[in-house]
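Structural features, examined
If you want the building blocks of each chain, they are given just below.
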Amino acid sequence: MKIREFGVEMWMNAYENDCELNLAETCVASITLEELTQLAGKNDTVLPEIMAMKMTYGAIEGAARLRNAICTLYETQTRANIVTTHGTIGANALVYKTLISAGDHMVAVLPTYQQHYSIPESQGAKVSVLHLKEEDGFLPDLGALKALIRPDTKLIALNNPNNPTGALMGREMLEDIAAMARASGAYILCDEVYRGTAQAGDGMGPSIVDVYEKGIATASMSKAFSLAGLRLGWIAAPQDVIAQVMIHRDYDTISIGQLDEYFATMALEAKDALLARSRDLTRRNLAILDAWVATEPRISYVKPQAATICLLKYDMDLDSHPLAVDILNETGVLLTPGHAFDMEGYLRIGYANSSEVLQAGLSKLSAYLERYG
């Protein structure tokens, strides 16, 4: 099976470990296991529980306690609707393996995480692309989406909050899209890995599984929960889809590591504290970024409504890849070129690292932009 190189992952693999200030980071600033146990109030119990743990496979579909904790993130899901995966990336791949075959038709938005069009294309599916536009706030044009959906459309792939734009679809828009999908009997796969980072309210936003009976949500501990090192994700879906997923999952996953599940359970049972930390950091840092953009004549953006990242549009005579490389070489600041998302003319910035790292990186970017001018 031939597949395109994964643009954003190739970029990160090449440069992430050699930068001084990583403004390509997509997670809310990662926490240590010590910080996690303190937030969860578990300092005294962790070591005895871990030392007594037998390193078997554990529950194949995911520990019951963990899946119960995942259910608390949704309005309507039960343990039977949840299966654990190796991160959101594993969850997405399993959904496409399970539901998409050669000749199937599906719709995907662009920009988005490249999995959502490159994997089905590699499987021989016909992928119609809905281009998200800056003038629409990078939200789907519902008329254009409706025109792409066919009677035989198998799946519509969304990303909410969106990576790399930070756009956020509300419940009303999701309900409108669900009505379109329902008319064709199509599934909706919504990659919700950034859910929990909205700039308003409790930060959660709606999930597609609470809006549409054929909705499938993927997510993980990586972004809002600051625990990417666990590599712990999940699929929330109708039970018949979970049953089909399990057939494929037996071939490439078997089970998730018990230590990963142990700490993920701890985090989700203390989710209020973790999400409060994420809200504080993302909202404080977006205010810093917003003030910086206002002072830079060569930079503009659509202010994100959620997530930890957004696209910076630049007024410079360079393609995004050589520009991002030059910025890194000159300043030590790592951004992600829009080219990695098939969005030339933009740079993706991650603003959820520590406020000190963000401010230092923006200061160096300002100096670079002044020299360029």
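Going by the structure above, here's the rest.
Not measured: the values here are computed from a predicted model. (Residues numbered from 1 in each chain as written. Predicted model: local features only at pLDDT ≥ 70, side-chain atom pairs only at ≥ 80, totals over all residues. Heavy atoms only, no water.)

What about the pattern of salt bridges?
With the rule as written, the count across this model stands at eleven salt bridges. The closest approach of N and O atoms between K313 and E134, which form a salt bridge, is 3.7 Å. Separated by 179 residues along the polypeptide, K313 in strand β10 (residues 309–314) and E134 in the loop between β4 (126–131) and α7 (142–148) bring together distant segments of the chain. Judged by its relative accessible area of 23%, E134 falls in the partly exposed class. With a shortest N-O distance of 2.5 Å, R284 and D280 are connected by a salt bridge. With R284 and D280 both in helix α11 (residues 271–295) and four residues apart, the pair spans about one turn of that helix. Judged by its relative accessible area of 45%, D280 falls in the partly exposed class. (Salt bridge = Lys/Arg side-chain N within 4 Å of Asp/Glu carboxyl O. Helix = DSSP H or I, 4+ residues; strand = E, 2+ residues; numbered from the N terminus. Buried < 20%, exposed > 50% of the residue type's maximum accessible area, 1.4 Å probe, protein only.)

A few points about the nonpolar core
Ranked by internal contacts, the top residues of the largest apolar core, which has 123 residues, are L155, I235 and L289. Discounting residues that sit within four places of it in the chain, I235 has contacts with N81, I82, V83, T85, A91, L94, V95, I216, A217, T218, I242 and V245. (Core = buried A, V, L, I, M, F, W, Y, C linked by side-chain atoms within 4.5 Å. Contact = heavy atoms within 4.5 Å.)

Concerning unusual backbone geometry
The bulk of non-glycine residues show a negative phi, and the bulk of peptide bonds are trans. Cis geometry marks the peptide bond from L110 to P111, where omega comes out at 10 degrees. Relative to the assigned elements, P111 resides in the loop between β3 (105–110) and α6 (115–122). Here the residue pair N163 and P164 is connected by a cis peptide bond, since its omega of 25 degrees sits within 30 degrees of zero. Mapping P164 onto the fold places it in the loop between β5 (153–159) and α8 (171–184). With a phi close to 50 degrees, R231 is a non-glycine residue in the positive phi region. Tracing the backbone through its elements, the reader meets R231 in the loop between β7 (215–220) and β8 (233–236).

Quick word on helix α2 (residues 33–40)
If you check which residues of α2 are buried, you get L36, T37 and A40. For α2, the arc enclosing every buried residue in end-on projection is 95 degrees, short of the 170-degree limit, so these residues lie on one face. The positive-phi residue at the C-terminal boundary of α2 is G41, with phi of around 65 degrees. (Arc of directions from axis to C-beta.)

Quick look at the environment of Y113
Residue position: Y113 is located in the loop between β3 and α6. On a C-alpha basis, the gap between Y113 and W292 in space is 26 Å, while along the polypeptide they are 179 residues apart. Residues within four places of Y113 in sequence aside, it is in contact with F6, V8, E9, I89, N159, N163 and D191.

Describing the sheet that holds strand β12 (residues 336–337)
If you trace the four strands from one edge of the open sheet to the other, you get β9-β10-β13-β12, paired in antiparallel fashion. With one partner strand each, in any of the chains shown, β9 (299–301) and β12 form the two edges of the open sheet. Bridge count between β12 and strand β13 (residues 346–350): two bridges; the pairing is antiparallel. Across the sheet, residue T336 finds its bridge partner in β13, namely R348. Seen against the sheet, α11 touches β9, β10 and β13 and runs at an angle of roughly 130 degrees to β9. Running at roughly 45 degrees to β13, helix α12 (residues 320–331) makes contact with β10, β12 and β13 of the sheet. (Pairing = 2+ DSSP bridges. Axes fitted to C-alpha atoms, helices over the stretch in contact; angles between N-to-C directions.)

Details of the packing of aromatic side chains
A full pass over the atoms with the stated rule returns four aromatic pairs. Centre to centre, the rings of F6 and Y113 are 4.9 Å apart; their planes meet at 55 degrees, and the pair counts as tilted. Here F6, found in the segment before α1 (7–15), pairs with Y113, found in the loop between β3 and α6; they are 107 residues apart in sequence, far enough to count as distant. Both residues of the pair, F6 and Y113, belong to the buried class. With a centroid separation of 4.4 Å and 45 degrees between ring planes, the pair formed by W11 and Y15 is classed as tilted. Placement of both W11 and Y15 in helix α1 is noted, with a separation of four residues, approximately one turn of the helix. For Y15, a relative accessible area of 24% corresponds to the partly exposed category. (Phe/Tyr/Trp six-rings, centres within 6.5 Å; stacked < 30°, edge-to-face > 60°.)

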